[in-house]
Amino acid sequence: MSFLSVKNLTLRLRDNRAPLLRDVSLEVSAGEVHGLVGESGAGKSMIGKAVLGILPRAVEIAGGEIWLDGVDLLALPPAARRKRVGGLAALIPQDPLTALNPSRRIGPQITDRLVDILGWKRAEAEARALDLLGEVQINDPARVMRQYPHELSGGMRQRILIASAFAAEPKLIVADEPTTALDVTVQKQILRLIAGMQARHGTALLFVTHDLGVVSKVCQSLSVLYAGRILEQSTVRDFFAAPSHPYSAALLGATPKYTDPEGSLTPVPEAIIAGLRAEIAAYDEAHHG
Amino acid sequence: MADLTDGRGAVKRRIGTRLWLAGGWLTLLLLAAVFAPLVAPQDPLAQDLFLTRLPPFWEKGAEAGYWLGTDSLGRDVLSRIIYGARLALVVALVAGSITCIIGSALGLMAGFLRGWVDLVISRLIDIWMAFPPVLFSILLIAVIGPGLHSIILAIVIIDWTRFARVIRAEAMAQGAMDYVASAQVAGRGRIGTMLREILPNVLPTIVVLLTLEMGIAVIVEAILSFVNLSISTDDPTWGGMIAEGRASVYQAWWVLVFPLITLFLTVLAFSQLGEGLKDRFDPVLR
């Protein structure tokens, strides 16, 4: 039994019922790192948000199931669902600049959740936060705990968010493009940090990214999305050896090569895109008349 | 590694001249109002028909003890300004605070909870703002009768939309931030998120609006006294003084000008206080 199992999840806009995810299914076992890749707007972030219950107000769930540790989250009432997700899952958000509350000190932002929601003792929670800040290589964690977010750099803040995500020992973490907002040199460190933390804590990770290079380094399996449809699911090893869907192959081909810096960038061929569009249109036709 | 904080934490802001001047004037006014019986040189209600329209102290014909002159009934202008400050400040503080609490609470709920709550509150704001405010307040007082309570009630009823509108927009912007999503993933409920995460971030704006509102309350009170709809006509009010001074401006300009200057400085001081406090309060600017 997979730890996280999304079955036929369909999301659409509340207003005009435009579909955002079309019958998406995926499985993540305990301790596995699963990559969600696709272009902007493919719906990869939406999967993570649906799992965590933080979909934007404009989006509604039109069908499907989300099983987390043997319970269908969508069948739970909101309060129970929040509690269940809060105990089992956490988020590493995309933009470290807006992901910490600017008017509160770092310490309470990490410990509040442990104390208020999981019922830890304040002292225990603080010790835990200090440990974790040390683990994400922050010097002088005691001082950082007393600082405000604006006093810290983007990289520091992302480290804090990572520490905070691991604080309650969740079984699943959704990392929503955790390195996109950072500059390239910091990206590498953060990536290594997340991979290391994941391995040490044995947490399952749903890793949302548009960067296949990142997937090859961090993930064990992946799903390729296009326009809310999953085109291909496989292990990272198989995928990079021989992608099965022509779009995946084209995506791989479009990745700039480190070994060939002069080589021109190859876009995904028009024919493949046209084929995908037709496929999606046919799907919509079949499902919504 | 410690250098990664690049000294942002070490920056301390000085209390600006603005804050000093605004705070200074308001403190002075507050002290004068509280200790009015001690500091006012004359009885503000005492009429003396032998001492009518005395000019301020630097002009010829001034009397000692009547620093800013007297009005056409021989009442001391300075003493009346000082006593008038009592009403002005009570209205500013009480009406400003109540308006702030009600307006901010509604704005916060509309902006963060959205849905039907927002729908109801937003429509209410739209409808409310279609009323011309001064006319509305005059009508209101005419219906419920003049008096301190009526003035405060009128200001609250008219001005809550100022807070509601701005705080709603701020709460909406804050609600879209990732830290709100994180709080919700962590299991915090809607109301908890609103109070613990959103409120502290809109507080600087609330403070600025509050001080602005206090200035506006002073003006509204002056307008109502000007049209004689404030408290009982015996007690000195700035608006009432301005109304009386207008009648005799060619014979005794000081009766009009001094309350006007006081009113102007007070409203200005409130708004500047807000700006100054914002700089101090906002952790991002701090």
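Residues numbered from 1 in each chain as written. Chains lettered and ligands numbered in written order. Predicted model: local features only at pLDDT ≥ 70, side-chain atom pairs only at ≥ 80, totals over all residues.

1. Remarks on the overall build of chain B
- A tally of helices and strands in chain B yields ten helices and zero strands.
- Scanning chain B from its N terminus toward the C terminus, one meets helices and strands in the order α-α-α-α-α-α-α-α-α-α.
- Its C-alpha atoms give chain B principal-axis dimensions of roughly 80 × 55 × 30 Å.
- Residue burial in chain B is summarised as follows: out of 286 residues, 45% are buried.
- The contacts of chain B with a sequence gap of at least 6 include a subset with a gap of at least 24, amounting to 72%. (Helix = DSSP H or I, 4+ residues; strand = E, 2+ residues; numbered from the N terminus. Buried ≥ 20, exposed ≤ 12 C-beta atoms within 10 Å, placed from the backbone. Contact = placed C-beta atoms within 7 Å.)

2. Concerning the overall build of chain A
- A tally of helices and strands in chain A yields eleven helices and ten strands.
- The C-alpha radius of gyration of chain A comes to 20 Å, within 12% of the 19 Å expected for a compact globule of 289 residues.
- The principal-axis extent of the C-alpha atoms belonging to chain A is close to 60 × 50 × 35 Å.
- Looking at chain A as a whole, 43% of its 289 residues are labelled buried.
- Considering only contacts in chain A between residues 6 or more positions apart, those separated by 24 or more positions represent 66%. (Rg over C-alpha atoms; globule rule 2.2 N^0.38 Å.)

3. So, the sheet that holds strand β4 (residues 59-68) of chain A
Residue and element names in this part refer to chain A.
- With antiparallel pairing, the four strands of this open sheet are ordered in space as β2-β1-β4-β5. Bordering the open sheet on either side are β2 (19-28) and β5 (71-72), each of which pairs with just one other strand.
- Two elements, strand β1 (residues 4-13) and β2, share six bridges in a ladder whose sense is antiparallel. Counted as the bridge partner of Leu4 is Val28 from β2. (Pairing = 2+ DSSP bridges.)

4. Points about the pairing of β4(A)
Residue and element names in this part refer to chain A.
- As paired elements, β1 and β4 share eight bridges and run antiparallel to each other. Looking across to β4, one finds that Arg12 is bridged to Glu60.
- Of the strand pairs in this sheet, β4 and β5 are connected by two bridges, and their pairing is antiparallel. When the sheet's bridge partners are listed, Trp67 is paired in β5 with Asp72.
- Following β4, the chain reverses through two residues before pairing antiparallel with β5; Asp69 in that reversal takes a positive phi of roughly 50 degrees.

5. What to know about the packing of helix α3 (residues 77-113) of chain B against helix α6 (residues 148-175) of chain B
Residue and element names in this part refer to chain B.
- Close contact between α3 and α6 brings their axes to 6 Å; oriented N to C, the two are set at 35 degrees. The two elements α3 and α6 cross, and the hand of that crossing is right-handed.
- Across the contact of α3 with α6, the residue classes break down as 22 nonpolar, seven polar and five charged. (Axes fitted to C-alpha atoms, helices over the stretch in contact; angles between N-to-C directions. Left-handed = near helix turned anticlockwise from the far one by under 90°. Nonpolar A, V, L, I, M, F, W, Y, C, P; charged D, E, K, R; others polar.)

6. With respect to the interface of chain A and chain B
- Facing 31 residues of chain A, the contacting portion of chain B comprises 23 residues.
- Mapped onto the side of chain A that touches chain B, the elements with two or more residues apiece are α2 (78-88), β6 (89-92) and α3 (106-117) of chain A.
- At four residues, the largest contribution of residues to the side of chain A that touches chain B is made by α2(A).
- Each residue belonging to the side of chain A that touches chain B can be placed in one class, and the counts come to 14 nonpolar, nine polar and eight charged.

7. Quick notes on the environment of A:Arg237
- For A:Arg237, the location among the structural elements is in helix α9 (residues 236-241).
- For the pair A:Arg237 and A:Glu177, spaced 60 residues apart in sequence, the C-alpha to C-alpha distance is 21 Å.

8. With respect to unusual backbone geometry
Residue and element names in this part refer to chain A.
- One non-glycine residue, Asn8, adopts positive backbone phi at about 45 degrees.
- Structurally, the position occupied by Asn8 is in strand β1.
- Judged by the 12 C-beta atoms lying within 10 Å of it, Asn8 falls in the exposed class.
- One non-glycine residue, Arg17, lies in the positive phi region at around 60 degrees.
- Relative to the helices and strands, Arg17 is located in the loop between β1 and β2.

9. Describing the confidence of the model for chain B
Residue and element names in this part refer to chain B.
- Across chain B, the average pLDDT comes to 87, with 92% of residues at 70 or higher.
- Predicted confidence in chain B is weakest over helix α5 (residues 133-144), with a mean pLDDT of 83, and strongest over α3, with 95.
- With pLDDT under 50 throughout, residues 1-9 is counted as low confidence; its partners more than four residues away or in other chains account for twelve contacts.
- Interface confidence in the predicted complex, given as ipTM, is 0.83; pTM for the same model is 0.83. (pLDDT = per-residue confidence, 0-100.)

10. Notes on the sheet that holds strand β8 (residues 204-209) of chain A
Residues and elements named next belong to chain A.
- Strands sit in the order β6-β7-β8-β3-β9-β10 across an open sheet of six strands; the sheet is mixed. Single-partner strands in this sheet number two, and they are β6 and β10 (229-235). Strand-to-strand twist of the sheet, defined as the mean angle between neighbouring strand axes without regard to direction, takes the value 15 degrees.
- Note: strand β7 (residues 172-176) against β8, five bridges, orientation parallel.

11. Here we look at the pairing of β8(A)
Residues and elements named next belong to chain A.
- Of all six residues making up β8, six are buried, and the element is well covered by its neighbours.
- Neither face of β8 is open: one carries Ala204, Leu206 and Val208, the other Leu205, Phe207 and Thr209, and all of them are buried.
- The pairing of strand β3 (residues 33-38) with β8 spans five bridges and is parallel. Counterpart to Val37 in the pairing with β8 is Thr209.
- Between the parallel pair β7 and β8, the chain is carried across by helix α7 (residues 184-201), and the sense of this crossover is right-handed. (Right-handed = clockwise from strand over helix to strand, strands pointing away.)

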